[in-house]
Amino acid sequence: FFCDRFKDTRENDIWLVDFYAPWCGYCKKLEPVWYDVGAELKSSGSPVRVGKMDATAYSGMASEFGVRGYPTIKLLKGDLAYSYKGPRTKDDIVEFANRVAGPAVRALPSKQMFEHMLKRHDVLFVYVGAESPLKEKYNDAASELIVYTYFFSASEEAVPESVSLPELPAVVVFKDGSHFTYDEYEDGSLSSWVNKERFQGYLHIDGFTLYELGETGICANNIQPTETGDRVHFTFSYFSCISRDFQFGHMDGNDYINGLIMGEVTVPSVIILNTSNEQYFMPSELIESTDQLVQFISSVLNGSAQAYGGDGFIQRFKRVAYDARSTIMSVFRSSPLLGCFLFGLPLGVISLMCYGICTAESDDGLDEKREGLTDEEEEEDDEEEEQQRQAAELEGPGEEEDVGEKDPEEKKID
């Protein structure tokens, strides 16, 4: 029913669709969140319509939208399809739907609206100025990256007096209590610059955020301890410049980072991760001051620090082995009986096969041994027969006497 209704209204309506598989555990976990998303958007009067589609039953349509994993969340607006890559929580999904459903670039008509948006958003991109080739590039970047952040435009009159811009038109990012202007000659592609600048200077790092940082061209990041010692902090730098491009954040616990470096990390600790080649760096001693942290980062940037890990063949092989061991251990911890069945049964079959092969080889070996000793056995048999013949000749007279004592009838028969 949904598929037929979706086909009829797809071009005219805005749809937020969850492509799922009935057997997918993550899809089942998303179900209650998805119902809350639908209720929230409907109650708020959003134009976004919410639905879900079994991608295994409608594989053709799923392939049309590029669905390769489950669950996959996409917002479909006309001929465009936007993939959601954020955390699977109600608030994040609803915010994504409302952001993408609207225009890629929103206007800020007054200073009051401008200041209101500065207070509302942690990171804000604004184009300031009249029509220009830069604005066309800005619109293209906004259409591409609207899935991550908001984009606004304003006239020179709408800019607050506290904001000073050297020249117009300009693309400005407001974050961390300051603002930074895009420079085409120093920053390169506008889309790449936006993709890097969309993060706050201080982040809460998790697996998803770290993956996003790795896709933006960020060179390195590190973890540093806090004064209380109960949290872990991240610092990262860009490839091109190190003047202001250090962002700080924290990662709670060490489970994720342990899996990333395939080792055990004490908490608190400092680690620099190079997301371009999966190398990581660790200080030789505990970092307790800012000067030590700066010195450690400098040693990584100038190449004097010891690098670990990487993406070479040996490291990839270690990664496969580590992931396999982690998977097996997680299965046994969550369900020992299931683990015994999944891994014990194949091992039992393999053991029986090996036993059969070894037994067959032993039998063949005995046969070959017997064939190899045939001549010796024949010689021994000949010697034994010769000895028996000689013994029979020595006992010959006695036997003749016995024969001579036969009954007359036996003699007659003979």
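Calculation rules
- Residues numbered from 1 in each chain as written.
- Predicted model: local features only at pLDDT ≥ 70, side-chain atom pairs only at ≥ 80, totals over all residues.
- Heavy atoms only, no water.
- UniProt positions renumbered as here; feature names shortened; annotations may be inferred.
- Phe/Tyr/Trp six-rings, centres within 6.5 Å; stacked < 30°, edge-to-face > 60°.
- Helix = DSSP H or I, 4+ residues; strand = E, 2+ residues; numbered from the N terminus.
- Buried < 20%, exposed > 50% of the residue type's maximum accessible area, 1.4 Å probe, protein only.
- Pairing = 2+ DSSP bridges.
- Axes fitted to C-alpha atoms, helices over the stretch in contact; angles between N-to-C directions.
- Contact = heavy atoms within 4.5 Å.
- Parallel < 35°, antiparallel > 145°, perpendicular 65-115°, else oblique.
- Left-handed = near helix turned anticlockwise from the far one by under 90°.
- Nonpolar A, V, L, I, M, F, W, Y, C, P; charged D, E, K, R; others polar.
- 1 Å grid on protein atoms, 1.4 Å probe; cavity = no way out; pocket = protein on both sides within 12 Å on 5 of 7 lines; lining within 4 Å.
- Points joined across faces, edges and corners; volume = space filled by probe spheres on them.
- Expected span 1.5 Å × (residues − 1).

- Identification of the protein chain as protein disulfide-isomerase from Xiphophorus maculatus is taken from an unreviewed UniProt entry.
- Taken from UniProt, the Function (unreviewed entry) comment for the protein chain reads in full: "Probable disulfide isomerase, which participates in the folding of proteins containing disulfide bonds. May act as a dithiol oxidase. Acts as a regulator of endoplasmic reticulum-mitochondria contact sites via its ability to regulate redox signals."
- Its UniProt record, at the heading Subcellular location (unreviewed entry), says of the protein chain: "Endoplasmic reticulum membrane".

### With respect to the packing of aromatic side chains
- Inspection of the entire model under this criterion finds 11 aromatic pairs.
- Aromatic pair Trp 23 and Tyr 70: ring centres 5.8 Å apart, planes at 90 degrees, arrangement edge-to-face. Taken together, the residues Trp 23 in the loop between strand 1 (14-20) and helix 2 (25-43) and Tyr 70 in the loop between helix 3 (59-64) and strand 3 (72-77) connect sequence positions 47 residues apart.
- With a centroid separation of 5.6 Å and an interplanar angle of 25 degrees, the aromatic rings of Phe 125 and Phe 151 are classed as stacked. Taken together, the residues Phe 125 in strand 6 (residues 124-128) and Phe 151 in strand 7 (residues 151-154) connect sequence positions 26 residues apart. Like Phe 151, Phe 125 is buried.

### Regarding the sheet that holds strand 4 (residues 80-83)
- Pairing within the open sheet is mixed, and its four strands lie in the order 2-1-3-4. Whereas interior strands pair on both sides, the edge strands pair on one side only; in this sheet they are strand 2 (48-54) and strand 4. Strand-to-strand twist in this sheet, taken as the mean axis angle between neighbours without regard to direction, amounts to 25 degrees.
- Across seven bridges, strand 1 lies against strand 2 in parallel orientation. The residue of strand 2 that forms the bridge with Ile 14 is Val 48.
- The strands touched by helix 4 (residues 90-101) are strand 1, strand 2, strand 3 and strand 4; relative to strand 3, the strand with the most contacts, the crossing angle is about 25 degrees.

### What to know about the packing of helix 2 against helix 4
- One way to put it is that helix 2 packs onto helix 4 with a least axis distance of 9 Å and a crossing angle of 45 degrees. The angle between helix 2 and helix 4 falls in the class oblique. The way helix 2 lies across helix 4 gives a crossing that is right-handed. Residues Leu 30, Val 33, Trp 34, Asp 36, Val 37, Glu 40 and Leu 41 of helix 2 form the contact with helix 4, whose participating residues are Lys 90, Ile 93, Val 94, Ala 97 and Asn 98.
- Here the residues of the contact of helix 2 with helix 4 are counted per class, giving eight nonpolar, one polar and three charged.

### Observations concerning the layout of surface pockets
- There is about 870 Å³ of room inside the largest pocket.
- Along the walls of the largest pocket sit 26 residues, with Asp 92, Glu 95, Arg 99, Tyr 148 and Arg 198 positioned nearest its centre.
- Residue assignment for the lining of the largest pocket shows that the elements contributing at least two residues are helix 4, strand 10 (202-204) and helix 9 (207-214).
- Element by element, the count of residues in the lining of the largest pocket is highest for helix 4, at five residues.
- The residue makeup of the lining of the largest pocket, split by class, is 10 nonpolar, six polar and 10 charged.

### Quick notes on helix 4
- Across its 12 residues, helix 4 extends 16 Å between first and last C-alpha, which sits within 8% of the 16 Å expected from 1.5 Å per residue.
- Contacts made by the buried residues of helix 4 are with strand 1, helix 2, strand 2, strand 3, strand 4 and strand 5 (106-108).

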